[in-house]
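Summary of the model geometry
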Amino acid sequence: MGPSYFCTNRVAVVICLLLLNPAAVFAGEDNEDLIWQLTELKQQIQRLQQTSEQQINTLKQRLEELEVISFKNARVALAVSTAVPARTENSGLRIGLSGLFAAGGSSADNDKLENLQGGAHDPGQNGFTVQNVELSVGGTVDPYFDAQANIIFQINADGETVVELEEAFLITRSMPWGLQVKGGQYFTEFGRQNPQHPHTWSFVDQPVVLSRFFGGDGLRSQGARISWLMPLGWYSELKLGMQNPKGETATSFLNVPQEEIAGHALIDRDVRNFDDLLYTARWFNGFDPLDTLSMNVGFSGLWGPNASGLTTDTKIYGTDLYMKWQPIYTQRGFPFVSWHTEILNRRYEAGDWGDHSRETLDDWGLFTQVLWGFKPGWVAGLRWEYVSANDDNPDNASDPLRDTRKRLSPNLTWYPTEYSKLRLQYNRDWTEHLPDKTAHSFWLQLEFNLGSHAAHVF
Amino acid sequence: MNNYNISLGLLLLMVALNGHATLSVVTTTQDLAALTEMVGGERVKVQSLTQGTRDPHYAAAKPSMIRKVFRADLLLVIGADMEIGWLQPLLQSARNARVQPGNPGYLDLSNVVPLLGKISGPVSRAMGDVHAKGNPHYWLDPRNGIRMAQAIATRLGQLDPAHKEEYQQRLNAFAKAMDSKLQTWLTELAYLEGKPFIAYHKSFIYLADVFGFHIVDEVEPKPGIAPSAASLNSLVMHIQNDDIGILIMEPYYERRSARYLSEQTGIRVAVLPQSVGAQPDINTYFDLFDAIVAALNDAGEK
């Protein structure tokens, strides 16, 4: 359209020039001059014709190209350029409700089960347990932040409903230099298991070492952390944070006044300065050594005050390894074999300097678990746990929070779809504090997920 | 000497600029990667997050994937809920503003093709794994391949205006080649037009649409739900009553159900690669349809 308009215009200008210059045309006196002018005009018109022909040819070519794309063939009638109306999707909010229930029994009675099943979301009584009903709301706030909140509902051993704000945090979406900041109330990113929600666990209960060091609800608190995705040849992420060390979800730190650890009563200690905050660090690495094998290796550390004195501190270190193998061909993500191991050590300064009962409580523990997804929807698991105290406190063996414990847990899980699961688990406990030194438990677990599709986090 | 130094410096500069000019494109599937390589040529470096041998719906946001998205200039996704389980955690962890939805570095290809199988009535999970937004296996129609290539070329041209013409030329060459290829495939498979088929999963409706066969039933009683003995037996009845000759399925599904149906009814099973990379010899989008057509012919001509 443009070129042809351009051509007509140029021809019109020439004609106008001719009309506007009658003297030159009709003078008749100087024929040579007139002939020269005419020749000039002819040449101009020829040049114009040439350029317009060239332009027309280019246009023709483009049209041909377009025809190729728009398929004149009847069988392939849909024109490629057919405008498909862009759908507007409001994926701004994800809302989900997950329910986790257990039923079962143990050779230990309910009083003993309280210590045996130390996790607040473990099946903790003979009969039925509402382990965790979790309302999760998350989404994108604006171009800068995502946010998420998880509110949990539980029915405790006395039959009363308990509501907890498990997590509520903001997380940046696109800070420069590979940085990301998270702030609010959140699970401390220590190891692989601690930040996972109960409904994503591979076993019905929390590993003993985590219940022991982090309390029944896991380690979570208010704070902020910064993460840096380092520019290295593999995935390597460093996370540093600060959190409030107070409350029952910070068990190894300030915890709750009047609680006890190895005979040391906890005082009401507050955060007075930066030294009294809980400092968290994690270095997390991910690799794919093979097309069929992925692995993560992490190192975590915690440094914070504890309330057994005014100047006492706790340090916890841990390392975690996760490997997953999947063959080249998989159906619905099956089959697979995964292996997850964590080892933790805690040094707890109990009592101030000068206190005659001052000691350093040195505990450690590990769990290692293998999962085998042998056919779509079916997973067999086996977990081995060991926890113990390294120091020579004579009361360790009778202290349910510091004795030597071993636990072996085979289980079988069936996922009818991505939204439900049914799990049967057997626990064999060997534990020093029990009179029988051993216990057998069977648990059946049921889970449902309503609402938003669950995230597949590796 | 001086001259030599200057030319060496220029050469290095050119290499550096050239290296810089390469766009890093990350795709969620190998089909998208193959199309991008077709229109991007050596101007782009393409990496797929999942392999064609696996169902992309069941992937997880692995650290290696996060790292790729972190460094990407352009992220191409299938959309229509295909990556619903892992795209959101991936984008959150990748902290890359360029490829966040709404920015030029994010392209959802389900927006440029006419989706089939949209559900207009009420949708419930009791119906199985249904996709209300439409069936996400749209790359299995070569016409959609051209639409996708066109959208990719346009987006590459926006992100790298210096080579816009080049992307357009490559697109035209690809579309031309695809057009003539499609004629061949259509002629070869003309005898399948109107024939009833059975599919394992609801993932071949686009293929049926372009080649004109009808998928009348699925091995899965509901999308994503494994067949039971009872559902297989009622399928045997259906196959015999309607004289259904071909069962099509992806390589990654279990083969026992298909074998059982084949033994009971004589139905022929065509294992169709559903994606680039689903078999070792399928490296391009053309290879994919060559292999599909060959597998359909093997089953159809017997």
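Starting from 1, residues in each chain are numbered consecutively following that chain's sequence as written. Whichever chain is written first is A, and whichever ligand is written first is 1; the rest continue in order. The model is predicted, so local features are restricted to residues of pLDDT at least 70 and side-chain atom pairs to those at 80 or more, both for listing and for counting; the totals for chains, interfaces and linings are taken over all residues. To get the side-chain values, all heavy atoms of the structure are used, and hydrogens and water are removed first.

**Concerning the overall build of chain A**
Only DSSP runs of H or I reaching four residues or more are called helices, and only runs of E reaching two or more are called strands; each is numbered from the N terminus. On a plain count of helices and strands, chain A comes out with 5 helices and 18 strands. Using a 1.4 Å probe on the protein chains alone, a residue whose accessible area is under 20% of its type maximum counts as buried, one over 50% counts as exposed, and one in between counts as partly exposed. Of all 458 residues assigned to chain A, the portion counted as buried reaches 44%. Residue exposure ignores everything except the shown protein chains as possible cover, and the areas themselves are Shrake-Rupley values with a 1.4 Å probe. Only carbon and sulfur atoms are counted for the fraction: they give 62% of the accessible area of chain A, which is about 23,100 Å².

**Considering the layout of surface pockets**
All names here are of chain A. Each cavity reported here is a set of points on a 1 Å grid over the protein atoms alone in which a 1.4 Å probe fits but cannot get out, each pocket an open set with protein on both sides within 12 Å along at least five of seven lines, and each lining residue one with an atom within 4 Å of a point. Grid points are joined across faces, edges and corners, and a volume is the space filled by probe spheres set on the points. Volume-wise, the second largest pocket comes out at about 1,300 Å³. Lining the second largest pocket are 46 residues, and of these Glu 114, Gly 118, Gly 119, Ala 120 and Gly 216 sit closest to its centre. Within the residue set of the lining of the second largest pocket, elements represented by two or more residues are helix H4 (110-116), strand S2 (127-140), strand S3 (145-155), strand S4 (161-172), helix H5 (208-214), strand S8 (260-261), strand S13 (336-350) and strand S16 (405-417). Side-chain classes are defined by residue name, with Ala, Val, Leu, Ile, Met, Phe, Trp, Tyr, Cys and Pro counting as nonpolar, Asp, Glu, Lys and Arg as charged, and the others, Gly among them, as polar. Residues of the lining of the second largest pocket, tallied by class, amount to 15 nonpolar, 18 polar and 13 charged.

**Quick word on the sheet that holds strand S7 (residues 246-249) of chain B**
All names here are of chain B. With parallel pairing, the 4 strands of this open sheet are ordered in space as S6-S5-S7-S8. Looking at which strands have only one partner, the edges of the open sheet turn out to be strand S6 (214-218) and strand S8 (268-271). When strand polarity is set aside, the average angle formed by the axes of neighbouring strands in this sheet is 35°. Two strands qualify as a pair provided DSSP detects at least 2 bridges between them. Pairing geometry for strand S5 (residues 196-199) and S7, over 3 bridges, is parallel. Paired with Phe 197 across the bridge in S7 is Ile 246. Packing of helix H10 (residues 285-300) onto the sheet brings it into contact with S5, S7 and S8, and relative to S8 it is tilted by some 170°. Fitting a line to C-alpha atoms yields each axis, with helices limited to the stretch in contact; the angle taken between N-to-C directions then spans 0 to 180 degrees. The contact rule is simple, with two residues in contact once any of their heavy atoms fall within 4.5 Å.

**Structural notes on the interface of chain B and chain A**
How big an interface is tends to be stated in terms of accessible area lost as the parts join. Counting residues at the interface gives 62 residues for chain B and 58 residues for chain A. When chain B packs against chain A, close to 5,200 Å² is buried across both sides, 52% of that on carbon and sulfur atoms. Taken as a group, Arg54(B), Arg95(B) and Arg125(B) account for 16% of the area that chain B buries against chain A, more than any other trio of residues on that side. Here a salt bridge means any side-chain nitrogen of Lys or Arg lying within 4 Å of a carboxyl oxygen belonging to Asp or Glu. Here chain B and chain A share 2 salt bridges between them. Between Glu237(A) and Arg95(B) there is a salt bridge, and its shortest N-O distance comes to 2.9 Å. Polar contacts, as used here, are pairs of N or O atoms within 3.5 Å; protein pairs need one atom able to donate a hydrogen and one able to accept it. Residues neighboring in sequence count only if both atoms are side-chain atoms. One can count 20 residue pairs in polar contact (both at pLDDT 80 or more) joining chain B with chain A. Counting only elements with at least two residues in the side of chain B that touches chain A, the list comes to helix H3 (63-70), helix H4 (87-94), helix H5 (142-159), helix H6 (164-188) and helix H7 (205-211) of chain B. A simple way to read buried area is as the amount of 1.4 Å-probe accessible surface that goes missing from two parts once joined, with both sides added.

**Focus: empty space enclosed by the protein**
All names here are of chain A. Tallied over the full model, the rule gives 2 cavities of 30 Å³ or more. By volume, the largest cavity is sized at about 70 Å³. Taken together, 13 residues line the largest cavity, and the ones lying closest to its centre are Phe 187, Gln 196, Trp 201, Gln 206 and Asp 217. Looking at side-chain class alone, the lining of the largest cavity contains 4 nonpolar, 7 polar and 2 charged residues. Quantified by volume, the second largest cavity comes out at close to 60 Å³.

**Details of the confidence of the model for chain A**
All names here are of chain A. Note: pLDDT gives the predictor's confidence per residue, expressed from 0 to 100. Counting all residues, the mean pLDDT for chain A is 87, and 87% of those residues have values of 70 or more. Throughout residues 1-8 the model reports pLDDT below 50, and contacts reaching past four residues in sequence, or to other chains, amount to 6 contacts. Here residues 22-27 is a poorly scored stretch, pLDDT under 50, and it has 5 contacts once near neighbours within four places are set aside; other chains count.

**Comments concerning the pairing of strand S14 (residues 359-375) of chain A**
All names here are of chain A. Pairing analysis gives 15 bridges linking S13 to S14, with the strands arranged antiparallel. Within S14, the position partnered with Val 337 by the bridge is Trp 372. Examined bridge by bridge, S14 and strand S15 (residues 378-389) share 12 bridges and lie antiparallel to one another. Considered in S15, the bridge of Asp 363 is made with Ala 389. Hairpin geometry of S14 and S15 is characterised by an intervening segment of 2 residues between the two adjacent antiparallel strands and by a positive phi of about 90° at Gly 377.

**So, the confidence of the model for chain B**
All names here are of chain B. Taken residue by residue, chain B gives an average pLDDT of 90. The fraction at 70 or more is 93%. For chain B, helix H1 (residues 2-21) is the element with the lowest average pLDDT, namely 51, and strand S3 (residues 74-77) is the one with the highest, namely 98. Confidence drops under a pLDDT of 50 for residues 11-19, and excluding neighbours within four residues, the segment shows 1 contact in the predicted structure.

**Side note on the packing of H6(B) against H10(B)**
All names here are of chain B. Packing of H6 against H10 leaves a shortest axis separation of 11 Å and a crossing angle of 0°. On the basis of their axis angle, the class for H6 and H10 is roughly parallel. In this structure, H6 contributes Phe 174, Ala 177, Met 178, Lys 181, Trp 185 and Glu 188 to the contact, and H10 contributes Tyr 285, Phe 286, Phe 289, Asp 290, Val 293 and Asn 297. When grouped by side-chain class, the residues that make up the contact of H6 with H10 number 8 nonpolar, 1 polar and 3 charged. Roughly parallel refers to an angle under 35 degrees, roughly antiparallel to one over 145, roughly perpendicular to one between 65 and 115, and oblique to any angle outside these ranges.

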